[in-house]
Amino acid sequence: MSRQWAFYFDTQKCIGCHACSLSCRVRNDIDADGPKWRRMEHVAEGSFPDYEETSVSMSCFHCAESPCRQVCPTHAIEKRESDGIVTVDRDKCIGCHYCAYACPFGAALYDDEGLLSKCHLCLGEGAGDGHGKPARQKPEDGGATPACVDNCVGDALKAGPINEILREASKEAANRYSESDVGPALVVEPVTQESHDSIETTDPTG
């Protein structure tokens, strides 16, 4: 593969504002009750005053060895050689949901037509599937970056060629990615105790 595109997510910068998921809907013309190509998960741990919450922005992570593609009986799902983005040929999709069972991230969703509908890293705009679109190049000459990245107010979410993403990541995040580079094309900055200590909590009963 010539160039794998990937997402980068910094848990310490994310404020859980949902701008990423909302902007995804707007740019791709997805109804409010339609499939959530990008969603925000809030992972809670402990109880007051030792309560910690981490926000995680989730979508299709365009896995290197995409389990959805491996189980698709009609070969509607493609792992593009040019940029590693996983796309869907909706003319071939039969809505069997095998991909949803295989995806560990809940990214395989279905629209009103019963066909697979998911993140395509904003290959063009509108509710398309990304199939047949030109390869992404560098962010600066490949057209618009994904809407979720453009609208992230905390600069927590980025997307680009994996070699560029890894250059910006911390050593720990890069090492974690390298240990599982057959999985999701996602580099995640780890949660640190310092990031939790910076979150002020108040007694809800006070």
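The name that an unreviewed UniProt entry assigns to the protein is Anaerobic dimethyl sulfoxide reductase subunit B, with the source organism given as Halalkaliarchaeum desulfuricum.

What the protein contains, in helices and strands, is 7 helices and 9 strands. Buried positions account for 44% of the 206 residues belonging to the protein. Considering only intrachain contacts with a sequence separation of at least 6, the fraction spanning at least 24 residues in the protein is 60%. Here the protein displays about 10900 Å² of accessible surface, and carbon together with sulfur accounts for 49% of that area.

Turning next to the side chain of Lys-79. For Lys-79, the position within the fold is in strand E4 (residues 77–79). The side chain of Lys-79 is buried and forms no salt bridge, while Asp-83, the nearest opposite charge, is found at 7.6 Å. A distance of 2.6 Å separates a polar side-chain atom of Lys-79 from the backbone oxygen of Gly-84.

Residue position: His-97 is located in the loop between strand E5 (86–88) and helix H3 (98–102). C-alpha of His-97 to C-alpha of Leu-116: the two residues are 19 residues apart in sequence and 7.9 Å apart in space.

This next bit is on the sheet that holds strand E8 (residues 157–161). Pairing is mixed across the open sheet formed by 3 strands, whose spatial order is E8-E1-E9. Taken across any chain shown, the strands that pair with only one partner, and hence form the sheet edges, are E8 and strand E9 (186–189). The mean inter-strand angle of the sheet, taken between neighbouring strand axes irrespective of direction, is 20 degrees. Sheet analysis places strand E1 (residues 5–10) next to E8, joined by 5 bridges and oriented antiparallel. In the sheet register, Phe-9 faces E8, and the bridge partner there is Leu-157.

In this section: the nonpolar core. Counting 36 residues, the largest nonpolar core has Phe-7, Ile-77, Cys-99, Leu-116 and Leu-157 as the members making the most contacts within it. Broken down by secondary-structure element, the contributors of at least two residues to this core are E1, helix H1 (19–27), E5, helix H4 (147–150) and E8. The dominant element in this core, judged by the number of residues it contributes, is E1, at 3 residues. Among residues more than four places away in sequence, those in contact with Cys-99 are Cys-68, Val-71, Ile-77, Ala-108, Tyr-110 and Leu-116.

All right, on to the packing of aromatic side chains then. Summed over the entire model, instances satisfying the criterion amount to 1 aromatic pair. Plain terms: the ring middles of Phe-61 and Phe-105 are 5.2 Å apart, the flat faces sit at 75 degrees to each other, and that makes the pair edge-to-face. Taken together, the residues Phe-61 in the loop between strand E3 (52–58) and helix H2 (67–71) and Phe-105 in the loop between H3 and strand E6 (109–110) connect sequence positions 44 residues apart. You can call Phe-61 buried: its relative accessible area is 2%.

On the surface, Asp-29, Asp-31, Asp-33 and Asp-112 cluster together to form a negatively charged patch. Examined against the element boundaries, Asp-112 turns out to sit in the loop between E6 and strand E7 (116–117). Residue classification places Asp-112 among the exposed positions, given a relative accessible area of 81%.

Definitions and cut-offs
- Residues numbered from 1 in each chain as written.
- Predicted model: local features only at pLDDT ≥ 70, side-chain atom pairs only at ≥ 80, totals over all residues.
- Heavy atoms only, no water.
- Helix = DSSP H or I, 4+ residues; strand = E, 2+ residues; numbered from the N terminus.
- Buried < 20%, exposed > 50% of the residue type's maximum accessible area, 1.4 Å probe, protein only.
- Contact = heavy atoms within 4.5 Å.
- Areas by Shrake-Rupley, 256 points an atom, 1.4 Å probe, with all protein chains shown as cover.
- Lys, Arg positive; Asp, Glu negative; His and termini not counted.
- Salt bridge = Lys/Arg side-chain N within 4 Å of Asp/Glu carboxyl O.
- Polar contact = N/O pair within 3.5 Å; in protein donor to acceptor, adjacent residues only side chain to side chain.
- Pairing = 2+ DSSP bridges.
- Axes fitted to C-alpha atoms, helices over the stretch in contact; angles between N-to-C directions.
- Core = buried A, V, L, I, M, F, W, Y, C linked by side-chain atoms within 4.5 Å.
- Phe/Tyr/Trp six-rings, centres within 6.5 Å; stacked < 30°, edge-to-face > 60°.
- Patch = residues over 30% accessible without salt bridge, like charges linked within 9 Å, V, L, I, M, F, W, Y side chains within 5 Å.
- Charge placed at Lys NZ, Arg CZ, Asp CG, Glu CD.

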